[in-house]
Amino acid sequence: MTSFDTTPQLSVWRALAALAVVFVMLATTGWTAMHHERGTSALQASRTAWEHARIGGRPLPDTDSAPSRLTRFFASLTAPQRTALAHDYALAVGNMNGAPAELRYRANRVALLQQVGIERTRMHDSRLTPSGQQLAGRRMHRYEDLSTADRQILAFDPGGSGRVAEVFGNLDEAERISVVVPGVDTDLLTFQRTNRKYSAPVGMAQALYSAEREASPSTRTAVIAWADYTSPDGLGIDSATAMRAESGAVRLNALLSALPGRTPVSMFCHSYGSVVCGVAADDMPDRVTDIAVAGSPGMRVENAEQLGTGARVWAMRDADDWIQDVPHLEVGGLGHGQDPMADAFGARVLSAREAKGHGGYFEPGTDSLRNLADIGTGSYRSVECAHDDDACTVGLSDTTEAGRA
C-alpha cells in the first residue's frame, strides 16, 4: 500500500470547516437579515419607455451609452428639455451614468415621491399580509425621508431590497471625492439608522465628510455613500463567495468612470465592501489614488500587487473586530484570500484605536475616522500607523497644504 502525506489536504479541509462554522455561528446569532425581493422592475420599465421616446424629433441615446456621450447629449438640451426628461423618465435619468449630478438628484426625487404613493397604497392592500403591509409602511417612510429637498440621491432603484447612493458636498466642485462602499445587509431600509448610526452608509459618509472638512478646511470635498449594489444577505454563503462582489464591482466602476471632473478619488471599503473593491480594483480609473479597507475579510488576492491598481492600498482593523476570527483563505471560490492586515499582503497598515468593533470605524473621535479623513484629503503625513513607527507613510508626502494638527 502506497503511503503519502495527507497533512496539506487535512489543513485545507480544517480551514474550510472552520470557515463554514464561523459563518454559520455568526449567521445564527443575529447577523443574518431577511431581504424581501419583489418581482416588478420599475427601473427597467422606465428605461424601456426611454428607449421608445424622442425629444425635439430625435431619438434618445441608449441608457447604457458611454458616460461621455450621455454628458454631451444632456449638454445639448435646453433646461426645459432636461427637466421634462427627468420628470417623464425619472428612474432612467436618476440612474444614468453621464447625466449631470443635479439632474439625477432631481429625477430621483421625482421617482422617490412616486414610490411613496405606491407604498402608501400597498399599506392598505388587503391582499398583503399584515407583515407585508408593515414593510410597505417602512419603505414609504424611508422614501419620504430620502425625497426631502436637502438630500442628493445619485442613484435609486426600488426593486428587490433596493439600491441607493447619496452625495454629501458638491460633487461638481469637489477637489477630492471619497466613496464609501459598505458590506453585508445593506439595502434601502438599512441605508441609514438611528441606532448604531455610524455603522450604516449614510452615517459613515456623513461622519467622513465632517472629518474631512476638519482635517483640511480649505479642501473642497464630496463623499458618496454608495449602496448601489445588491449586498449579501447576512453572513451566509453569499458573503463567503465573490458572486455579489463581482456584480457590485461592475456597478462601482461604472459610477467611478462617470464621476465629473478629474479630481482624485479615494475608496473607503468596509467589511464585504472591501471584497467589492478588491474585485473592482484592476478596472478602476487612474484617478482612484487610494483604496482603504476596514474590517476586511480579504480582497480576493494574496497581496496588494495582485489587485492590479496603481492606487495606494491601506488597511485597518480594530482589536475587538470579530472579522479577525474568519479564516483568511480562498479554496474553490469559498473565502476571500489573504488578510489585508498581514505583512505578506503589503498594505499600509493604519491605527484603528477606539473603533469599537466591526461596525465602529466611522465613529467620530476614533483614530480610524481621522485616518480615513486624512487619506480622503491627501493629508498623508498626518495619518497614524498601526505600530509605533511611520512605516505606513514611507515615501508619501501631502497633496494638500493642510494636514491634521
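Relevant structure appears above.
Numbering of residues starts from 1 in every chain and runs along the sequence as written. In keeping with the predicted nature of the model, local features appear solely for residues at pLDDT of at least 70, side-chain atom pairs appear and are counted solely at 80 or more, and the whole-chain, interface and lining totals rest on all residues. In computing side-chain properties, one takes all heavy atoms of the structure into account and sets aside hydrogens as well as water.

The number of helices and strands found in the chain is 11 helices and 10 strands. Each residue gets one of three labels from its accessible area relative to the maximum for its type: buried under 20%, exposed over 50%, partly exposed in between, using a 1.4 Å probe on protein chains only. Burial analysis of the chain (405 residues in total) assigns 54% to the buried set. We call two residues in contact when some of their heavy atoms are within 4.5 Å. Counting contacts in the chain only where the partners sit at least 6 residues apart, residues at least 24 apart contribute 68% of the total. Surface accessibility follows the Shrake-Rupley procedure with a 1.4 Å probe radius. Residue values consider only the protein chains on display as shielding. When the accessible area of the chain is evaluated, it comes to approximately 18100 Å², of which 51% is carbon and sulfur surface. Secondary structure follows DSSP: runs of H or I at least 4 residues long count as helices, runs of E at least 2 residues long count as strands, and numbering of each begins at the N terminus.

The span one expects for a helix is its residue count, reduced by one, times 1.5 Å. With 15 residues, helix α8 (residues 201-215) ought to run about 21 Å at 1.5 Å a step, and its terminal C-alpha atoms sit 21 Å apart, in line with that. Burial analysis of α8 places 11 of its 15 residues in the buried class, the great majority of the element. Residues of α8 that are buried: Pro201, Val202, Gly203, Met204, Ala205, Ala207, Leu208, Tyr209, Ala211, Glu212 and Ala215. On the buried face of α8, the contacting elements are β4 (163-169), β5 (176-181), β6 (221-227), β7 (265-270) and α11 (367-377).

In terms of residue burial, β4 counts as a mostly covered element, since seven of its seven residues are buried. Strand pairing requires that DSSP identify at least two bridges connecting the strands. Pairing of strand β3 (residues 153-157) with β4 involves four bridges; the strand directions are antiparallel. Looking at β4, one finds that phenylalanine 156 is bridged to valine 164. Hairpin connection from β3 to β4: five residues lie between these consecutive antiparallel strands, with glycine 160 at a positive phi of about 60°. Pairing of β4 with β6 involves six bridges; the strand directions are antiparallel.

For asparagine 97, the position within the fold is in the loop between α5 (90-94) and α6 (101-123). Here a polar contact means two N or O atoms within 3.5 Å. Within protein one must be a hydrogen donor candidate and the other an acceptor candidate, and residues neighboring in sequence count only if both atoms are side-chain atoms. At 3.2 Å, the side chain of asparagine 97 and the side chain of arginine 104 are in polar contact. Once you skip the residues sitting within four places of it in the chain, asparagine 97 turns out to touch Pro67, Leu70, Arg104, Ala254, Leu255 and Ala258.

Moving on, we get to the state of the cysteines. To count as a disulfide, a pair of cysteine sulfur atoms needs to be within 2.5 Å. Going through the model one piece at a time under the given rule, you end up with two disulfides. Across the disulfide, cysteine 269 is cross-linked to cysteine 277 (sulfur-sulfur distance 2.1 Å). A torsion of -85° about the S-S bond marks the disulfide between cysteine 269 and cysteine 277 as left-handed. Its relative accessible area of 0% is what places cysteine 277 among the buried residues. Covalent S-S linkage joins cysteine 385 and cysteine 392, the inter-sulfur distance amounting to 2.0 Å. Handedness of the cysteine 385-cysteine 392 disulfide follows from its S-S torsion of about -90°: it is left-handed. Judged on exposure class, the residue cysteine 385 and its partner cysteine 392 are both buried. When the cysteines of the chain that form disulfides are numbered from the N-terminus onward, they connect as 1-2, 3-4.

To continue, consider the pairing of strand β9 (residues 312-316). Burial within β9 is extensive, with four of its five residues counted as buried. Strand direction decides the pairing type here: strand β8 (residues 288-294) and β9, joined by five bridges, are parallel. Directly across from valine 293, in β9, lies its bridge partner alanine 315. In this sheet, strand β10 (residues 348-349) lies alongside β9 in parallel orientation, the contact comprising two bridges. Looking across to β10, one finds that tryptophan 314 is bridged to arginine 348.

For the rest of this paragraph, the subject is the environment of threonine 366. Along the chain, threonine 366 falls in the loop between β10 and α11. Here the alpha-carbon distance between threonine 366 and alanine 352, two residues 14 residues apart in the chain, equals 7.1 Å. Residues contacting threonine 366, with those up to four places away along its chain left out, are Arg353, Glu354, Ala355, Lys356, Gly360 and Tyr361. A polar atom in the side chain of threonine 366 sits 3.0 Å from the side chain of serine 368. At a separation of 3.2 Å, a polar atom in the side chain of threonine 366 contacts the main-chain amide nitrogen of leucine 369.

All right, on to the sheet that holds β9 then. Taken in spatial order, the eight strands make up an open sheet running β3-β4-β6-β5-β7-β8-β9-β10, and their pairing is mixed. Whereas interior strands pair on both sides, the edge strands pair on one side only; in this sheet they are β3 and β10. Bridge count between β5 and β6: five bridges; the pairing is parallel. Bridged to arginine 176 within β6 is threonine 221. Each of β4, β5, β6 and β7 is contacted by α8, which is oriented at about 165° to β6, the strand it contacts most. Note on geometry: axes are C-alpha line fits, over the in-contact stretch for helices, and angles between N-to-C directions span 0 to 180 degrees.

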